[in-house]
Amino acid sequence: MTESGEVELQVTNLDSGIDQREVRQLVSALFSEFVSLSGVNIYRQEGGGFGAVVKVGNLQEAQLAISQLHKRKVGTKRISISHLPVDGGSLPRKEVVALLQSVPGEKIQLFKFRQMFEERFRGSISVADLHRMKEVVSLTEDMAGVGRMVQLNANTVVDTEEVESLHCETHCPTSQVGWGERRVWEGLPDVVVELEVLSTNLRKLLKSHDGGVPLASLLHCYNAECDPLGAGADDGLHGVPLEHLLQA
């Protein structure tokens, strides 16, 4: 529910054979039979079909719309209608902004952004959530050979200090363009090191980094402040994955 009392509903399972303009008209017409609409936002889902976010006047109208339209057959499918989370403040705006700021041009393919978000924050973000953050990001339609894009809006001001940095500002400065596009685990090799030595050096590293070292730049920070870690042999018989040692 918004500050004005309006309620947002999500409409899914729309017939993929209907084009975007017709979907907007169809959804608007369906809801207008029963309630007053103050907004209809159409978005493309991963599977290629469309979804919609519909804004109605109040909770009573939302319940009426659901009771009358949920599972109604539209085209070849029965649509599904559900409430979007009522607390817009719970949307991960800070995380979205921080992640987009870490990629070149603050713009990236939508599917890749969602993969990166899940890897970094261990959680998923839906296309509908991104559409609800229109003051922060913009989604552009398919570009030939590229796919849908998500981009940080110009002059966006969101405090991201609470979001853990993906990289160490000292040993991996933000001038390393494209850092955000690297997979977190690619920099963690098999190593040869005594556990006692590793433990001592990690405590030293954590102390010098105020208690936390971004995982993506751990190797850079470790080699900069301690004796460089010895790499395991390529035969796969020598060395232990650094990831496993960190969990030991």
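Above this text is the structure in question.
This section reports on the structure supplied with the text. (Residues numbered from 1 in each chain as written. Predicted model: local features only at pLDDT ≥ 70, side-chain atom pairs only at ≥ 80, totals over all residues. Heavy atoms only, no water.)

Details of the side chain of Glu 8
So, point 1. Following the sequence through the fold, Glu 8 ends up in strand S1 (residues 7-12).
So, point 2. Overall, the relative accessible area of 17% leaves Glu 8 in the buried class.
So, point 3. Contacts of Glu 8, omitting those with residues within four sequence positions, involve Val 53, Val 54, Lys 55, Ser 82, His 83, Leu 84 and Arg 132. (Helix = DSSP H or I, 4+ residues; strand = E, 2+ residues; numbered from the N terminus. Buried < 20%, exposed > 50% of the residue type's maximum accessible area, 1.4 Å probe, protein only. Contact = heavy atoms within 4.5 Å.)

Considerations on the packing of aromatic side chains
So, point 1. Applying the stated criterion across every chain yields a total of 1 aromatic pair.
So, point 2. Seen from their ring centres, Phe 113 and Phe 117 are 6.3 Å apart, and the 45° between their planes marks the pair as tilted. Of the two residues, Phe 113 and Phe 117 are both situated in helix H4 (residues 110-121); the distance of 4 residues between them amounts to about one turn of the helix.
So, point 3. A relative accessible area of 0% places Phe 113 in the buried class. (Phe/Tyr/Trp six-rings, centres within 6.5 Å; stacked < 30°, edge-to-face > 60°.)

Structural notes on unusual backbone geometry
So, point 1. Even without being a glycine, Glu 106 presents a positive backbone phi close to 55°.
So, point 2. Structurally, the position occupied by Glu 106 is in the loop between helix H3 (93-100) and strand S7 (107-109).
So, point 3. We classify Glu 106 as partly exposed; its relative accessible area is 31%.
So, point 4. Of note, the phi angle at Asp 210 is positive, near 55°, even though the residue is not glycine.
So, point 5. Examined against the element boundaries, Asp 210 turns out to sit in the loop between helix H6 (195-208) and helix H7 (218-225).
So, point 6. For Asp 210, a relative accessible area of 76% corresponds to the exposed category.

Some words on the packing of H6 against H7
So, point 1. Where H6 meets H7, the axes come as close as 10 Å, and the angle between the chain directions of the two elements is 100°. Here H6 lies roughly perpendicular to H7, going by the angle between them. Residue-level contacts link Val 197, Leu 198, Asn 201, Leu 202, Lys 204, Leu 205 and Ser 208 of H6 to Leu 218, Cys 221, Tyr 222 and Glu 225 of H7.
So, point 2. Split by residue class, the contact of H6 with H7 holds 7 nonpolar, 2 polar and 2 charged. (Axes fitted to C-alpha atoms, helices over the stretch in contact; angles between N-to-C directions. Parallel < 35°, antiparallel > 145°, perpendicular 65-115°, else oblique. Nonpolar A, V, L, I, M, F, W, Y, C, P; charged D, E, K, R; others polar.)

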